[in-house]
Amino acid sequence: MEERNSDAKTVAVFRGADWSQRIQVIASAHEGSCAGPVVATSTRQVEVPASGTTAVYLDLRAEDLDGDGFVAASATSQGTDCDDTDATVYPGAPETCDGKDSNCSGDEEDAPDKHGYYVDADGDGYGDISRVVMACVPPPGTVREAGDCDDSDPSVHPAAAELRCDGKDDDCDGSEDEDFSLGTTCRTELGCEGAWACTAAGSGAECKSEQTPVFWYADEDGDGLAGTTVAALSCEKPVGAKSVTDDCDDTSRFRGGTEVCDRLDNDCDGVTDEGGVCATHAWRTQTLWSTAWEAVTTYAPGKAWLAGPDGWLAHVNGASVAQFSECGPANHWKVAWARPSDGRVFVGTAEGTFASVHPLTSGCVTQTVSGVPGNVTGMVGFERNGTTTVYAVTGTGHVLRWEWREPVSTPPPVVVVTQLAGSLRSIHGLGPDTLLAVGAEDFQPGAAPLPRAYRLDMASGQWIHEDLPADVGTGYLRGVSVVDGSLAYAVGEHGLVLERKEGTWRKLPPPGGSTTLELLDVAAFHPSAVYVLSNKSGTFLHRFDGTAWSEPYPQSQVLQSLDAISPREQWAAGQNGTLVRWGPP
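A brief structural summary. Everything quoted here is computed from the prediction, not taken from an experiment.

How each quantity is defined
- Residues numbered from 1 in each chain as written.
- Predicted model: local features only at pLDDT ≥ 70, side-chain atom pairs only at ≥ 80, totals over all residues.
- Heavy atoms only, no water.
- Pairing = 2+ DSSP bridges.
- Helix = DSSP H or I, 4+ residues; strand = E, 2+ residues; numbered from the N terminus.
- Disulfide = S-S within 2.5 Å.
- Buried < 20%, exposed > 50% of the residue type's maximum accessible area, 1.4 Å probe, protein only.
- Axes fitted to C-alpha atoms, helices over the stretch in contact; angles between N-to-C directions.
- Salt bridge = Lys/Arg side-chain N within 4 Å of Asp/Glu carboxyl O.

Description of the sheet that holds strand β37 (residues 549-550)
Across the sheet, which stays open at both edges, the four strands sit in the order β34-β35-β36-β37 with antiparallel pairing between neighbours. Strands with a single pairing partner mark the edges of an open sheet, and in this sheet they are β34 (519-526) and β37. In terms of strand pairing, β34 meets strand β35 (residues 529-534) through six bridges, oriented antiparallel. Each residue of the ladder has a partner; that of V522, found in β35, is V532.

Thoughts on the state of the cysteines
Overall, the coordinates contain nine disulfides when judged by the stated rule. Between the sulfur atoms of C149 and its disulfide mate C172 the distance is 2.2 Å. Torsion about the S-S bond of the C149 and C172 cystine: about -85 degrees, corresponding to left-handed handedness. Of this pair, C149 sits in the loop between β7 (142-143) and β8 (185-187) while C172 sits in the loop between β7 and β8, and the two are 23 residues apart along the sequence. Residue C149 is classed as partly exposed on the basis of its relative accessible area of 45%. Through a disulfide, C192 is tied to C235; the S-S separation comes to 1.9 Å.

Concerning the pairing of strand β31 (residues 487-492)
Most of β31 sits out of view: six of its six residues are buried. Of the two faces of β31, the one carrying L487, Y489 and V491 and the one carrying A488, A490 and G492 are both buried. Bridge count for strand β30 (residues 477-484) against β31 is six bridges, and the pairing is antiparallel. Along β31, the bridge assignment pairs V482 with A488.

Some words on the sheet that holds strand β21 (residues 364-368)
Pairing within the open sheet is antiparallel, and its four strands lie in the order β18-β19-β20-β21. On the outer flanks of this sheet lie β18 (333-338) and β21, each paired with one strand and no other. Looking at each pair of strands side by side, their axes are set apart by 20 degrees on average, direction ignored. Taken together, the five bridges between β18 and strand β19 (residues 345-349) define a ladder with antiparallel strand orientation. Bridge pairing in β19 places A336 opposite V347.

Observations concerning the pattern of salt bridges
Applying the stated rule across the entire model yields 26 salt bridges. For the salt bridge of K208 with E206, the shortest nitrogen-to-oxygen distance reads 3.8 Å. Its salt-bridge partner being E569, residue R581 comes within 3.9 Å of it at the nearest N-O pair. Within this pair, whereas R581 is found in strand β40 (residues 578-583), its partner E569 is found in strand β39 (residues 569-574), the two being separated by twelve residues in sequence. For the pair R581 and E569, one class covers both residues: buried. Each of R339, D342, R344 and E406 takes part in one network of salt bridges that share partners.

This is the structure in structure tokens:
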């Protein structure tokens with residue numbers, strides 16, 4: 001509806017004598033007040049009467065369609081209402097960020113409730129808090145979310161995952177690469193101690209160490225020198241291993257290191273006993289009384305015990321020899337073993353009496369085994385954790401054990417461990433885990449005895465019958481010598497020589513090719529250092545160097561026992577008080 005307003009004005013005109021009767025009447029309408037802009041004008045030409053009045057009508061028109069008191073700003077109007085369709089829009093109206101220019105200032109920049117928008121230079125949706133723009137609508141290149149700690153890298157922002165290890169605070173939490181535990185201790189795949197650090201590519205973290213991994217070598221043959229690789233490159237030292245190899249042959253505890261006089265190539269240079277190392281070594285024969293020595297056992301260089309019938313016991317210490325009669329004359333000693341730590345000797349009789357004597361103290365400790373009818377035929381012992389354990393075997397297949405822990409107030413009993421299906425003649429080993437016993441199965445009337453060998457299985461505690469070659473023939477195995485856990489030798493009747501390597505037995509050629517010899521004892525240290533005692537008159541001693549046999553020291557007296565603890569020294573004893581020894585003076 002158009003609203004009309006009329007106003008009557010009376011104007012008096014005092015015309016000069018020379019004025020014309022025609023005048024121009026102009027009327028103007030202002031918006032709001034006389035100080036406001038002109039929004040309408042009307043002009044009329046009027047003839048002034050000589051007297052009286054003349055009515056003049058002027059029409060002033062201005063539109064205020066929304067009724068807010070302000071005329072629309074348009075091409076035909078000088079009003080200031082920038083939106084004459086909205087009564088809340090007019091000059092001086094309260095300005096707010098509502099998407100319209102409420103006070104007709106031309107924009108919303110003067111709105112007091114403008115928001116802060118942050119420049120997002122890398123386009124990752126988060127802006128730089130130090131570059132804020134106040135506006136009602138987001139300006140181009142800005143976002144409402146701040147907190148971008150590196151607005152030049154779109155992968156860095158508060159919602160980012162710390163997936164890269166790159167020295168950057170990818171998630172803008174104030175910490176760099178916190179998900180990778182940088183600097184904490186670790187071990188590399190090769191066992192080297194280090195700390196977690198970023199990879200060169202930054203794709204993740206890796207354990208970095210300044211340690212250098214090395215190869216590790218173990219001492220497999222027990223000579224104190226390492227030569228067997230037990231671990232590839234690693235920083236973790238296996239128990240007992242070395243980082244340098246100093247054993248040129250770790251299959252033998254007697255090869256590797258400095259050359260010594262023992263008929264072996266200790267330094268693996270292809271030459272044996274070079275450099276004059278054997279200048280003082282020689283074979284020597286002594287006659288010690290007139291008894292028949294049936295057992296000899298050595299326990300240290302230059303030191304040994306001799307045992308025989310009628311209670312004979314003698315201790316050899318270099319050039320001196322002492323007889324021991326503490327155990328009396330009634331015992332016929334058949335076997336002996338002396339412990340390396342102090343030389344205490346353990347001896348046994350055919351009838352099952354055991355005794356022990358110390359070389360530096362008086363007194364004889366004896367113990368008798370009851371219920372064992374067979375002869376005691378072999379003996380060996382070991383020292384471990386303060387306990388000495390002596391094993392013995394009998395002709396009736398019994399395995400006996402005598403455990404000795406000092407001080408001894410009451411002699412410990414000798415116990416029967418087991419009875420094997422064989423007649424045993426010898427037992428040897430470097431420890432319970434390498435024990436071997438040999439003899440023959442001789443229980444069939446009229447049948448020849450069959451060679452037999454047995455091994456102590458530590459897992460089950462049982463003695464296991466070993467498979468021998470099919471062509472071993474008949475007769476007794478009379479001696480056995482264990483070199484290490486993988487190598488051993490056994491000898492017996494009809495010139496039988498057996499080698500056990502990695503659990504498998506094989507035949508070796510007999511001394512001189514003779515199958516008529518009875519081989520009585522063996523002491524072995526290497527495939528090229530096997531010493532055998534036989535019944536060959538005038539010889540008795542034989543040596544196998546891996547390919548051929550030799551007779552190193554012919555003898556006129558019958559030898560009955562052979563022993564050695566290293567290839568540097570061999571001992572043999574026999575009838576008429578004979579003691580034969582090879583070694584230094």
